[in-house]
Amino acid sequence: MSAFFSNARHAQTSIISVFNFSRKTDAYRHYHPQFIIEEQRHIAGASGDFTALLNDIVTAIKTISNAVNKGALIGVMGALDTENVQGETQKKLDVITNEIMIRHNEWAGHLSGMASEEMDDVYSIPSPNPLGKYLLVFDPLDGSSNVDLNISVGTIFSILRSPVPSRAASKEDFFQPGTKQVCAGYALYGSSTMLVLTTGHGVNGFTLDRDIGEFVLTHPNMKIPVDTREFAINASNQRFWEPPVQRYVAECQAGSTGPRGRDFNMRWVASMVAEVHRILTRGGIFMYPRDTKDLSKPGRLRLMYEANPMSFIVEQAGGLSTTGYERILDIVPQDLHQRVPVILGSKNEVEVVLGYHKK
Ligand code: AHG
Ligand code: MN
Ligand code: MN
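Residues numbered from 1 in each chain as written. Chains lettered and ligands numbered in written order. Predicted model: local features only at pLDDT ≥ 70, side-chain atom pairs only at ≥ 80, totals over all residues. Heavy atoms only, no water.

Peer 1: Looking at this model, I keep getting lost on the overall build of the protein. Mind explaining?
Peer 2: In terms of helices and strands, the protein carries 8 helices and 16 strands. The C-alpha radius of gyration of the protein comes to 21 Å, within 12% of the 21 Å expected for a compact globule of 359 residues. In terms of overall dimensions, the protein has C-alpha extents of about 70 × 60 × 45 Å along its principal axes. Across the 359 residues in the protein, those meeting the buried criterion constitute 52%. For the protein, long-range pairs separated by at least 24 residues make up 64% of all intrachain contacts whose partners lie at least 6 apart in sequence. Accessible surface, the protein: about 15800 Å² in total, of which carbon and sulfur atoms supply 53%. In the protein, 35 side chains carry a positive charge and 38 a negative one; their mean positions are 7 Å apart. (Helix = DSSP H or I, 4+ residues; strand = E, 2+ residues; numbered from the N terminus. Rg over C-alpha atoms; globule rule 2.2 N^0.38 Å. Buried < 20%, exposed > 50% of the residue type's maximum accessible area, 1.4 Å probe, protein only. Contact = heavy atoms within 4.5 Å. Areas by Shrake-Rupley, 256 points an atom, 1.4 Å probe, with all protein chains shown as cover. Lys, Arg positive; Asp, Glu negative; His and termini not counted. Charge placed at Lys NZ, Arg CZ, Asp CG, Glu CD.)

Below, the structure is given as structure tokens:
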């Protein structure tokens, strides 16, 4: 057989196997827009606004994915000489991605306000844009210390209802516990770009097909394994940890010779999105616990745009998320940039840490 025919036959086989794959998983029937319209049917009172809002968020995410992916080619790497409200030096991409989120979401009339890691106060929707019935809170670029290193970064978002639809949102309007979230999601800009979403009916993961510019459902109904042998914590803070976390990590490190009777593995990406995605994929526990490093800060991560959306996703995937003392989703926020301790992941493992806090 000539090379031409053998290649042709090979090509035909791959097309057939892709076709069989898509039939098996339904992947090519579940583009993101169709899926979201189906999801909206679960949301009480949703009229189409929610779908349209989510589509705008998804367009922003595709734009961010493009900017992160092009990187140095379009001059977006490196830091600025500005600081955000939390005193952190801003990367160029922190500011660019914040701007992308604003521009894509301010015009369509679905929101009455936005809040972000990169803005001190509530972002008011500029007139003449109409005001809507939802609030959007986001971390436009999570793990931005990794961005110049070509290590995974992400975007995290949370959608709340406006207490008074179509009135310009005040800061207080945002102070709703995480249990009130209508939707939470993250995008992970990794070896592929993924979008992971919940509206309170399980967790679904989509992969961006750049050729067609659409997210395709590739990870339906994601579930966190209840057991794990993998933990994630920034061990450079060890001397500041409280006794329950000291004990837990020491026991993991003792491995098969210690009280846990099995060996553990450790990971730390310094990108919460990447850590949570790993935990959703193969289980694990992630901790940025309360510590004594800076007593003015009860934790490192921010409640409204990091801990709450991730906790909603983790709980919907069968995991647990706690400060060690209380369920994160029950906390009533008092500040847009409030920090909280976070311990989340595989159910049985988080319960071990919770048990140590109770003692
Ligand atoms: P951000 O880049 O949005 O400021 O968030 C970074 C967060 C989180 O993603 C990560 O888990 C943690 O900070 C990393 O902290 P360390 O620098 O202490 O490792
Ligand atoms: Mn972050
Ligand atoms: Mn950020």
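Peer 1: Quick question: what am I supposed to make of the coordination of the manganese ion (ligand 2) here?
Peer 2: In an ideal tetrahedron of four donors about a metal, each angle is 109.5 degrees. In an ideal octahedron of six donors, the angles are 90 or 180 degrees. The coordination sphere of the manganese ion (ligand 2), as far as protein atoms go, consists of D139 (OD), D142 (OD) and E306 (OE), spread over 1.9 to 2.2 Å. The distance between the manganese ion (ligand 2) and the manganese ion (ligand 3) comes to 3.7 Å, with D139 serving as a donor to both metals. Taken together, the positions of D142 in strand β4 (residues 134-142) and E306 in helix α7 (residues 303-316) put the pair 164 residues apart, joining distant regions of the chain. When sorted by exposure, D142 lands in the same class as E306, which is buried. (Donors = N, O, S within 2.8 Å, 3.2 Å for Na, K, Ca; no water.)

Peer 1: Hey, could you run me through the pairing of strand β7 (residues 193-198) in this one?
Peer 2: Along any regular strand the residues' side chains alternate between the sheet's two faces. Here β7 lies mainly inside the structure; 6 of its 6 residues are buried. In β7, alternate side chains face the same way, and those of T193, L195 and L197 on one face and M194, V196 and T198 on the other are all buried. Bridging between strand β6 (residues 183-189) and β7 involves 6 bridges; their strand directions are antiparallel. The residue bridging A184 from the neighbouring strand is T198, located in β7. Joining the antiparallel neighbours β6 and β7 is a turn of 3 residues. Bridging between β7 and strand β8 (residues 203-209) involves 5 bridges; their strand directions are antiparallel. The residue bridging T198 from the neighbouring strand is V203, located in β8. Count of turn residues in the β7/β8 antiparallel hairpin: 4 residues, of which G200 carries a positive phi of about 95°. (Pairing = 2+ DSSP bridges.)

Peer 1: Help me understand the nonpolar core in this model?
Peer 2: Within soluble globular proteins, side chains that are nonpolar tend to cluster in buried spots. The biggest cluster of nonpolar side chains holds 41 residues, and the ones touching the most others in it are L54, I57, L136, F157 and I159. If we ignore the near neighbours within four places in the chain, the residues touching L54 are H32, I36, F157, I159, C183 and L197. Core analysis: the next-biggest nonpolar cluster, separate from the first, contains 31 residues, L188, V273, F312 and L344 among them. (Core = buried A, V, L, I, M, F, W, Y, C linked by side-chain atoms within 4.5 Å.)

Peer 1: Any chance you could explain the sheet that holds strand β11 (residues 265-266) here in plain terms?
Peer 2: One key point about sheets: their strands pair by backbone hydrogen bonds, in either a parallel or an antiparallel sense. With mixed pairing, 5 strands are arranged side by side in an open sheet as β11-β10-β12-β16-β14. Unpaired on one side and paired on the other, β11 and β14 (320-322) mark the two borders of the sheet. One ladder, built from 3 bridges, connects β14 with strand β16 (residues 342-345); its direction is antiparallel. Among the inter-strand pairings, S321 is bridged to a residue of β16, identified as L344. Along the sheet, helix α6 (residues 272-282) makes contact with β10 (230-233), β12 (285-288) and β16, crossing β16 at roughly 30°. In the packing of α7 onto the sheet, contacts are made with β14 and β16, and the angle to β16 comes to roughly 25°. (Axes fitted to C-alpha atoms, helices over the stretch in contact; angles between N-to-C directions.)

Peer 1: How do you make sense of the coordination of the manganese ion (ligand 3) when you look at a structure like this?
Peer 2: Within the protein, the manganese ion (ligand 3) binds to E117 (OE), D139 (OD) and L141 (O); these donor distances fall in the range 2.2 to 2.3 Å. Each donor residue of the manganese ion (ligand 3) belongs to the same chain, and together they define the spacing E-x21-D-x1-L.

Peer 1: Sorry, what's going on with the side chain of R278 here?
Peer 2: Along the chain, the position of R278 falls in helix α6. Relative accessible area serves as the criterion here: at 13%, R278 is assigned to the buried category. In contact with R278, other than residues within four places in its own chain, are E230, A232, R267, V269 and G283.

Peer 1: What's the story with the pattern of salt bridges in this structure? I'm lost.
Peer 2: Under the defined criterion, the tally for this structure stands at 20 salt bridges. Where E88 meets R302, a salt bridge forms, and the shortest distance between an N and an O atom there is 3.5 Å. Of this pair, E88 sits in the loop between β1 (79-83) and β2 (89-91) while R302 sits in strand β13 (residues 301-302), placing them 214 residues apart in sequence. Assessed through its relative accessible area of 22%, E88 is described here as partly exposed. R302 sits in the buried class, given a relative accessible area of 3%. Notably, a salt bridge pairs R327 with D330, separated by 3.3 Å at the nearest N-O pair. Three or more residues are tied together by salt bridges with common partners; here these are E88, E117, R300, R302 and E306. (Salt bridge = Lys/Arg side-chain N within 4 Å of Asp/Glu carboxyl O.)

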